[in-house]
Amino acid sequence: MYVLMVETAATLPDARDPLTRDRIARAALAVVDAEGLEALTMRRLAAELGAAPMSAYAHFAGKRELLAEVVDAVLGDVELPEIDGRWRKPIRRLAGSLRSALLAHPAVMPAFHASGGRGRNALAVLDRAHGILRGAGFPDEQVVRVVDTIHAFILGSAALEIAWASLDPASRHAQIFAVPQSAYPDLTAVMPQVVASSGDDRFRYGLDRILDGVAAARRST
């Protein structure tokens, strides 16, 4: 009987995978996606992992470091186009993929501004953006300015879209059409266009105008 019990136990798989930074970050991301950023505590995370309450501290010094890794986990979903000498199409793809990653995890957005973007995935995204432009022959000074501008546009537009999407449609429309026409005639005149345009439309328009400006600046040098 004793031998049988030992052999049976030896054949059982380990019910718990070892804790790693990536596994902890993915579990934290699941908590934030489901319950919001405020719900993420080390105790809540431990419950998600089925681990001891203090186990995450063996991998992260504290919540700030953990949040930086959560942000980087989101950026791991960004598609990195190949560097092939072209610039406009791959930059559009990279920008669109980054926006999609941000919109897929709206509750994480506040942590982006505090994380500093120093994780391996964040650096890979920035490296690829700079590499696409450098590979297309842009001078380094212009490369830096272009990437800074596009990066700020993506983060800003995504933050606004997430904030706007947090309101229910009835509330959004009520806020839009509550603007008094007598005080703001031009603003109220364009409100139907505001309602009709989607986040995708606004993003594509803004990004294309930035890229038009980049192309014009390049031709003039």
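Residues numbered from 1 in each chain as written. Predicted model: local features only at pLDDT ≥ 70, side-chain atom pairs only at ≥ 80, totals over all residues. Heavy atoms only, no water.

### Some remarks on the overall build of the protein chain
Stage number 1. A tally of helices and strands in the protein chain yields 12 helices and 0 strands.
Stage number 2. Listed N to C, the secondary structure of the protein chain is α-α-α-α-α-α-α-α-α-α-α-α in terms of helices and strands.
Stage number 3. By the compact-globule yardstick of 17 Å for 221 residues, the protein chain is too spread out, its C-alpha radius of gyration being 23 Å.
Stage number 4. Expressed as lengths along the three principal axes of its C-alpha atoms, the size of the protein chain is roughly 85 × 50 × 30 Å. (Helix = DSSP H or I, 4+ residues; strand = E, 2+ residues; numbered from the N terminus. Rg over C-alpha atoms; globule rule 2.2 N^0.38 Å.)

### Some points on the nonpolar core
Nonpolar side chains in soluble globular proteins generally cluster together in the buried interior.
Stage number 1. Judged by nonpolar contacts, the single largest core of 53 residues is most densely connected at Leu45, Leu66, Trp87, Val108 and Ile150.
Stage number 2. Sorting the residues of this core by element identifies α2 (21–35), α3 (42–49), α4 (63–75), α5 (88–104), α6 (109–115), α7 (120–135), α8 (140–165) and α12 (199–220) as the ones contributing at least two each.
Stage number 3. Of all the elements, α8 adds the most residues to this core, at 8 residues. (Core = buried A, V, L, I, M, F, W, Y, C linked by side-chain atoms within 4.5 Å. Buried < 20%, exposed > 50% of the residue type's maximum accessible area, 1.4 Å probe, protein only.)

### So, the environment of glutamine 142
Stage number 1. With respect to the secondary-structure elements, glutamine 142 resides in helix α8.
Stage number 2. For glutamine 142, a relative accessible area of 16% puts it in the buried group.
Stage number 3. Placed 49 residues apart in sequence, glutamine 142 and methionine 191 show a C-alpha to C-alpha distance of 37 Å.
Stage number 4. Excluding residues that lie within four positions of it along the chain, glutamine 142 makes contacts with Val214, Ala217 and Arg218. (Contact = heavy atoms within 4.5 Å.)

### Side note on the packing of aromatic side chains
Stage number 1. Tallied over the full model, the rule gives 2 aromatic pairs.
Stage number 2. For the pair tryptophan 87 and phenylalanine 138, a centre-to-centre distance of 5.3 Å together with 80° between the ring planes defines the contact as edge-to-face. Of the two residues, tryptophan 87 is situated in the loop between α4 and α5 and phenylalanine 138 in the loop between α7 and α8; the sequence distance between them amounts to 51 residues. This pair shows no difference in class: tryptophan 87 is buried, exactly as phenylalanine 138 is.
Stage number 3. Taken together, a centroid distance of 5.5 Å and an interplanar angle of 20° make the contact between phenylalanine 153 and phenylalanine 203 stacked. Here phenylalanine 153, found in helix α8, pairs with phenylalanine 203, found in helix α12; they are 50 residues apart in sequence, far enough to count as distant.
Stage number 4. The exposure class of phenylalanine 203 is buried, given its relative accessible area of 6%. (Phe/Tyr/Trp six-rings, centres within 6.5 Å; stacked < 30°, edge-to-face > 60°.)

### Observations concerning a nonpolar patch on the surface
Stage number 1. Among the surface-exposed residues, Tyr184, Leu187, Val190 and Val194 lie close enough to one another that they form a single nonpolar patch of about 340 Å² accessible area.
Stage number 2. With respect to the helices, strands and loops of the structure, leucine 187 is situated in helix α10 (residues 185–189). (Patch = residues over 30% accessible without salt bridge, like charges linked within 9 Å, V, L, I, M, F, W, Y side chains within 5 Å. Areas by Shrake-Rupley, 256 points an atom, 1.4 Å probe, with all protein chains shown as cover. Salt bridge = Lys/Arg side-chain N within 4 Å of Asp/Glu carboxyl O.)

### Details of the confidence of the model for the protein chain
Detailed reading of the predicted model is not advised wherever pLDDT is low.
Stage number 1. Across the protein chain, the average pLDDT comes to 87, with 91% of residues at or above 70.
Stage number 2. Note on residues 1–15: pLDDT under 50 across the span, and 0 contacts to partners over four residues away in sequence or across chains. (pLDDT = per-residue confidence, 0-100.)

### With respect to the packing of α2 against α4
Axes are the key here: two packed helices are described by the angle between their axes and the distance separating the axes.
Stage number 1. Contact pair α2 / α4: the axes reach a minimum separation of 9 Å and the direction vectors enclose 85°. Here α4 runs roughly perpendicular to α2, going by the angle between their axes. For the pair formed by α2 and α4, the contact residues are Arg21, Ile24, Ala25, Arg26, Ala28 and Leu29 on the first element and Glu65, Leu66, Glu69, Val70, Ala73 and Val74 on the second.
Stage number 2. Tallied by class, residues from the contact of α2 with α4 come to 8 nonpolar, no polar and 4 charged. (Axes fitted to C-alpha atoms, helices over the stretch in contact; angles between N-to-C directions. Parallel < 35°, antiparallel > 145°, perpendicular 65-115°, else oblique. Nonpolar A, V, L, I, M, F, W, Y, C, P; charged D, E, K, R; others polar.)

### Overview of α3
Stage number 1. When we look at burial in α3, the residues that qualify are Met42, Leu45, Ala46 and Leu49. End-on view of α3: buried residues confined to an arc of 100°, all on one side of the axis. Projecting away from the buried face of α3 at angles above 90 degrees are the exposed residues Arg43 and Ala47.
Stage number 2. In the core, the buried residues of α3 are packed alongside α2 and α4.
Stage number 3. Immediately beyond the C-terminal end of α3, within one or two residues, lies glycine 50, with a positive phi of roughly 70°. (Arc of directions from axis to C-beta.)

### As for the pattern of salt bridges
Stage number 1. Across all of its chains, the model carries 16 salt bridges by this definition.
Stage number 2. Glutamate 65 is the partner of arginine 21 in a salt bridge, and the nearest nitrogen-oxygen pair spans 2.9 Å. A residue pair is termed long-range when its members are at least 10 positions apart, and arginine 21 in helix α2 and glutamate 65 in helix α4 qualify at 44 residues.
Stage number 3. The exposure class of arginine 21 is partly exposed, given its relative accessible area of 30%.
Stage number 4. Between aspartate 208 and arginine 88 there is a salt bridge, with the nearest N and O atoms lying 3.8 Å from each other. Of this pair, aspartate 208 sits in helix α12 while arginine 88 is found in helix α5, placing the two residues 120 residues apart along the sequence.

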